[in-house]
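Coordinate inspection notes
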Amino acid sequence: MYFNIQLTFMNRIIIIGNGFDLAHGLPTSYENFIKWYQNEWVKKLKNCYENKAYDELCEFQIFQYDWDNFFRFNHYDSISWEELIEIINDNPRLLSFKTSRLLNAILKHIEKNKWVDIEKEYYNLLSADLESSNDENIKRLNNELACLKNNLIAYLKDVEKGLVNEYIIKDNIKEKILEPINPRDISVKAQDKFNIFKNTRFAHYNNFQWESLLKKYNYEKPYKLLNEIDKRNSKEFYLPDSILLLNFNYTKTADLYLPNEDIFKVNHIHGKLSNSQSIIFGYGDELDENYKRLLKDNNNEYLKNIKSINYLNSTNYREMLSYIESSPYQIYIMGHSCGLSDKTLLNTLFEHDNCVSIKPFYYINNEGFDNYTEIVQNISRNFTDMKLMRDRVVNKTFCKTLE
């Protein structure tokens with residue numbers, strides 16, 4: 001006689017966004033980067049022996065002598081970008097300054113909102129170019145983004161080299177990453193999957209398997225927990241079978257948090273700074289109406305920086321797909337805004353049949369306001385089924401701050 005025994009594993013995917021790096025005190029926001037880029041230009045001009053200096057994003061020109069002389073003669077040793085631009089604007093016969101469309105849009109957004117999504121600004125301009133179908137405009141815009149990308153890589157390499165090390169690890173974040181699954185987080189629709197997971201562990205795990213799992217999670221004396229686990233009286237009974245950090249950042253901050261065991265993995269879905277060619281920087285909302293128009297236009301320049309196409313340059317995306325197909329999983333969101341720049345990928349994760357819950361970790365600002373509702377609003381934009389969204393997203397009562 002043969003019995004069909006259904007066994008289910010339960011995994012965890014942690015979506016890591018830039019807020020994760022910011023929570024460690026790292027200056028990795030786009031605003032930090034743009035400030036660095038501006039300061040780098042001031043440094044370059046101080047040592048520029050030409051009357052014109054430029055890249056794809058901006059151009060500085062002086063009409064009587066070179067920039068090095070201008071700084072030395074006027075004793076501008078500690079001048080800021082803002083002060084330099086003000087001087088240029090006050091002296092139009094002597095000096096000039098031009099910005100590209102993309103940099104201009106970025107600077108305006110920062111001035112108005114104190115933050116910016118560079119990839120969103122790029123996509124807005126790309127969509128606007130659909131109306132004119134100007135090939136030169138599209139190529140120029142892509143060159144501008146490439147310039148930003150190269151500068152961003154240089155900036156983040158400096159940040160990573162100087163600040164990303166084991167000393168920035170936060171114990172409270174590590175505890176959240178490695179914590180057992182909380183049964184109350186599981187969606188109503190996924191209760192059957194969760195029950196099979198529980199029954200699998202109760203009926204088919206022996207002491208050797210439990211001890212092996214606990215050791216991988218770095219429990220120093222796992223045998224002390226075995227008796228409680230056997231009775232399902234310990235929260236460790238619900239430890240995930242595996243954990244995947246899906247890192248949307250380019251830094252290696254997230255890598256510092258996982259034990260060196262086979263059940264813990266990091267997927268640098270957008271590439272790593274150690275391999276500049278792997279970096280994916282662009283836009284990823286295939287559900288947007290403008291994206292459909294981009295596809296219809298017979299111009300590959302429109303698709304040059306679309307993430308879903310650039311994912312094919314590595315195995316990272318396919319490895320993620322293989323992981324979500326393998327077993328049910330819960331999602332933790334740590335520092336990712338779930339904005340539209342990654343909509344296609346997030347939709348794949350959120351609406352997959354194996355997703356059993358989505359738990360956002362929020363932050364509280366100095367005025368006491370938190371961004372839980374904002375994250376959930378963004379999560380909802382990545383769903384096509386709102387009923388499914390309301391079931392899968394963990395309500396605020398059971399959520400925590402990242403720190």
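The following refers to the structure shown. (Residues numbered from 1 in each chain as written. Predicted model: local features only at pLDDT ≥ 70, side-chain atom pairs only at ≥ 80, totals over all residues. Heavy atoms only, no water.)

The sheet built from five strands is open, its strands ordered S6-S5-S1-S7-S8 with parallel pairing. Looking at strand neighbours, the two that pair on one side only are strand S6 (264–268) and strand S8 (355–361), the edges of this open sheet. The mean angle between the axes of side-by-side strands here comes to 20°, regardless of whether they run parallel or antiparallel. In terms of strand pairing, strand S1 (residues 11–16) meets strand S5 (residues 243–247) through five bridges, oriented parallel. Within S5, the residue paired with Ile16 across the bridge is Asn247. (Pairing = 2+ DSSP bridges. Helix = DSSP H or I, 4+ residues; strand = E, 2+ residues; numbered from the N terminus. Axes fitted to C-alpha atoms, helices over the stretch in contact; angles between N-to-C directions.)

Turning next to empty space enclosed by the protein. Scanning the entire structure with this criterion turns up one cavity of 30 Å³ or more. Put simply, the largest cavity is a space of about 40 Å³. Residue lining of the largest cavity: Gly284, Lys307, Ser308, Tyr311, Ser341, Asp342, Thr344 and Leu345, and that is the complete set. Looking at the lining of the largest cavity, the elements that each hand over two or more residues are helix H13 (307–310) and helix H15 (343–350). Taken together, the residues of the lining of the largest cavity sort by class into two nonpolar, four polar and two charged. (1 Å grid on protein atoms, 1.4 Å probe; cavity = no way out; pocket = protein on both sides within 12 Å on 5 of 7 lines; lining within 4 Å. Points joined across faces, edges and corners; volume = space filled by probe spheres on them. Nonpolar A, V, L, I, M, F, W, Y, C, P; charged D, E, K, R; others polar.)

Counted by the stated rule, this structure contains 27 aromatic pairs. On the basis of an interplanar angle of 40° and a centroid distance of 5.5 Å, the ring pair of Phe194 and Phe197 is categorised as tilted. Of this pair, Phe194 and Phe197 both sit in helix H9 (residues 191–204), three residues apart, which is roughly one turn of that helix. Taken as a pair, Phe194 and Phe197 share a single burial class, namely buried. Their ring planes at 35° and their centres at 5.6 Å tell us that Trp210 and Phe237 sit as a pair that is tilted. Taken together, the residues Trp210 in helix H10 (residues 207–216) and Phe237 in the loop between helix H11 (226–230) and S5 connect sequence positions 27 residues apart. Across this residue pair, the class does not change: Trp210 and Phe237 are buried. (Phe/Tyr/Trp six-rings, centres within 6.5 Å; stacked < 30°, edge-to-face > 60°. Buried < 20%, exposed > 50% of the residue type's maximum accessible area, 1.4 Å probe, protein only.)

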